[in-house]
Amino acid sequence: MMARMKLKKLEEYLQGIDGFEDPKILLEQYQTPPHIASCMLYEIQSQFGDLEGKIVADLGCGSGMLSIGAFLLGATHTVGFEIDPDASSIFVENVTEMEIPSVDCIHCDVLRLPEARFSKAFDTVVMNPPFGTKKNAGMDMKFLQVGISLATTAVYSLHKTSTRDFVRKSAAQLQVEPKVVAQLRYNLDSAYKFHKKKSVDIDVDFWRFQLPNSTGDSVRE
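Residues numbered from 1 in each chain as written. Predicted model: local features only at pLDDT ≥ 70, side-chain atom pairs only at ≥ 80, totals over all residues. Heavy atoms only, no water.

Asks: Is there a simple way to explain unusual backbone geometry in this structure?
Replies: A negative phi holds for most residues other than glycine; trans holds for most peptide bonds. One non-glycine residue, Ser 102, lies in positive phi territory at about 60°. Residue position: Ser 102 is located in the loop between α4 (85–97) and β3 (103–107). Backbone geometry at Lys 120 places phi at a positive 55°, although glycine is not the residue there. Relative to the helices and strands, Lys 120 resides in the loop between α5 (115–118) and β4 (122–127). Lys 120 sits in the partly exposed class, given a relative accessible area of 41%. (Helix = DSSP H or I, 4+ residues; strand = E, 2+ residues; numbered from the N terminus. Buried < 20%, exposed > 50% of the residue type's maximum accessible area, 1.4 Å probe, protein only.)

This is the structure we're talking about:
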């Protein structure tokens, strides 16, 4: 089953999503670039069929880039989880302006989700977590652990390429099967006063973590 929307069209839609008005450095708030978000989501659907007809969670959803994109590729229902009330408000505004049903945002701390309520409640989890820089060391791995507790099939996440060996070892400890789907050049636009350059490219791995007892078969011919 292939994604119902073409990659170029998906990226055009995502370019219309409003980003952070006043990004917070402690939360490592960077808008996922539409090009990277569309490539990630299209790959998730076209190669693995993990969006269309699925219940999807987006951890640290920000203004809704991945949540809205998942809906556009056929997710039955998408729930974004976001700690920042300002980002949550922009998320709701984006969903409202684009007249998108079946996409919700829950204002909460991802690391404090009530396990009994959300455990294994989603087929697929997508996320662009904090990379764990500044004062958030190890934050991306904490997000991954939560994602694994929520998903029944797979978790998709971005992590710095420089941490690849560590991520692979962590995945083994979490008893999931890791796979680098693609290596990307993540362009961080200058969003904070301490940035000296207009933009910086970071090498980032796009991972798929397959849950135990899920098939994980590719849908590509």
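Asks: What should I look at first to understand the state of the cysteines in this one?
Replies: Disulfides are covalent bonds that connect the sulfur atoms of two cysteines. This model, assessed by the stated rule, comprises 0 disulfides. Between Cys 108, a free cysteine, and Cys 105, which holds the nearest cysteine sulfur, the sulfur-to-sulfur gap is 8.0 Å. (Disulfide = S-S within 2.5 Å.)

Asks: I tried to follow helix α6 (residues 139–150) on my own but got confused; where do I start?
Replies: Within an α-helix, residues lying three or four positions from one another point in the same direction, as the helix has 3.6 residues per turn. The terminal C-alpha atoms of α6 lie 17 Å apart, and with 12 residues this matches the ideal 16 Å at 1.5 Å per residue to within 8%. Of all 12 residues making up α6, 9 are buried, and the element is well covered by its neighbours. (Expected span 1.5 Å × (residues − 1).)

Asks: Is there a simple way to think about helix α7 (residues 164–173) in this case?
Replies: Looking only at α7, the buried set comprises Val 167, Ser 170 and Ala 171. Viewed end-on, α7 has its buried residues packed into an arc of 105°, placing them on one side of the element. In this structure, α7 carries Asp 165, Phe 166, Lys 169, Ala 172 and Gln 173 as exposed residues pointing more than 90 degrees from its buried face. The first or second residue beyond α7 is Gln 175, which carries a positive phi of 60°. (Arc of directions from axis to C-beta.)

Asks: Mind showing me how you'd approach the nonpolar core here?
Replies: One recurring pattern in soluble globular proteins: nonpolar side chains tend to sit buried together. Residues Leu 41, Leu 158 and Phe 206 are the most contacted members of the largest nonpolar core, which totals 35 residues. Contributions of two or more residues to this core are made by α1 (7–14), α2 (34–48), α3 (65–72), α4, β5 (151–160), β6 (177–189) and β7 (199–210). The element contributing the most residues to this core is α2, with 6 residues. Beyond its immediate sequence surroundings of up to four residues, Leu 41 is in contact with Leu 10, Leu 51, Met 65, Leu 66, Gly 69, Ala 70 and Leu 73. The next biggest cluster of nonpolar side chains, apart from the first, holds 26 residues, and it includes Phe 122, Val 125, Met 139 and Leu 211. (Core = buried A, V, L, I, M, F, W, Y, C linked by side-chain atoms within 4.5 Å. Contact = heavy atoms within 4.5 Å.)

Asks: Explanation requested: the pairing of β5 in the structure shown.
Replies: One face of the sheet, then the other: side chains in a regular strand alternate in exactly this way. Burial analysis of β5 places 8 of its 10 residues in the buried class, which makes it a mostly covered element. One ladder, built from 5 bridges, connects β4 with β5; its direction is parallel. Within the sheet, the bridge partner assigned to Val 125 lies in β5 and is Val 155. (Pairing = 2+ DSSP bridges.)

Asks: Which parts of the structure should I look at to understand the pattern of salt bridges?
Replies: Pairing between side chains of opposite charge can happen when their charged atoms approach one another. Applying the stated criterion to the full structure yields 5 salt bridges. Glu 12 is paired through a salt bridge with Lys 9; the nearest N and O atoms lie 3.8 Å apart. Residue Glu 12 and its partner Lys 9 are both found in helix α1; the two are separated by 3 residues, about one turn of the helix. Arg 208 serves as the salt-bridge partner of Asp 50, at 2.9 Å between the closest nitrogen and oxygen. Taken together, the positions of Asp 50 in the loop between α2 and β1 (55–59) and Arg 208 in strand β7 put the pair 158 residues apart, joining distant regions of the chain. By the burial criterion, Asp 50 is buried, and Arg 208 matches it. (Salt bridge = Lys/Arg side-chain N within 4 Å of Asp/Glu carboxyl O.)

Asks: Would you mind going over the packing of aromatic side chains with me for this structure?
Replies: Two numbers describe a pair of aromatic rings. These are the distance of the centres and the angle of the planes. The tally for this structure, following the rule as stated, stands at 5 aromatic pairs. Seen from their ring centres, Phe 81 and Phe 118 are 5.2 Å apart, and the 90° between their planes marks the pair as edge-to-face. Here the residue Phe 81 occupies a position in strand β2 (residues 77–82), and Phe 118 occupies one in helix α5, the gap between them amounting to 37 residues. Both residues of the pair, Phe 81 and Phe 118, count as buried. Ring centres 5.5 Å apart and planes at 10° place the aromatic pair Trp 207 and Phe 209 in the stacked group. Summarising the burial analysis for this pair, Trp 207 and Phe 209 share the class buried. Among the aromatic residues, those joined into a ring-pair cluster are Phe 48, Tyr 156 and Phe 206. Between the NZ or CZ atom of Arg 208 and the centre of the ring of Phe 48, over which it lies, the distance is 4.4 Å. (Phe/Tyr/Trp six-rings, centres within 6.5 Å; stacked < 30°, edge-to-face > 60°. Lys NZ or Arg CZ within 6 Å of the ring centre and 35° of its normal.)

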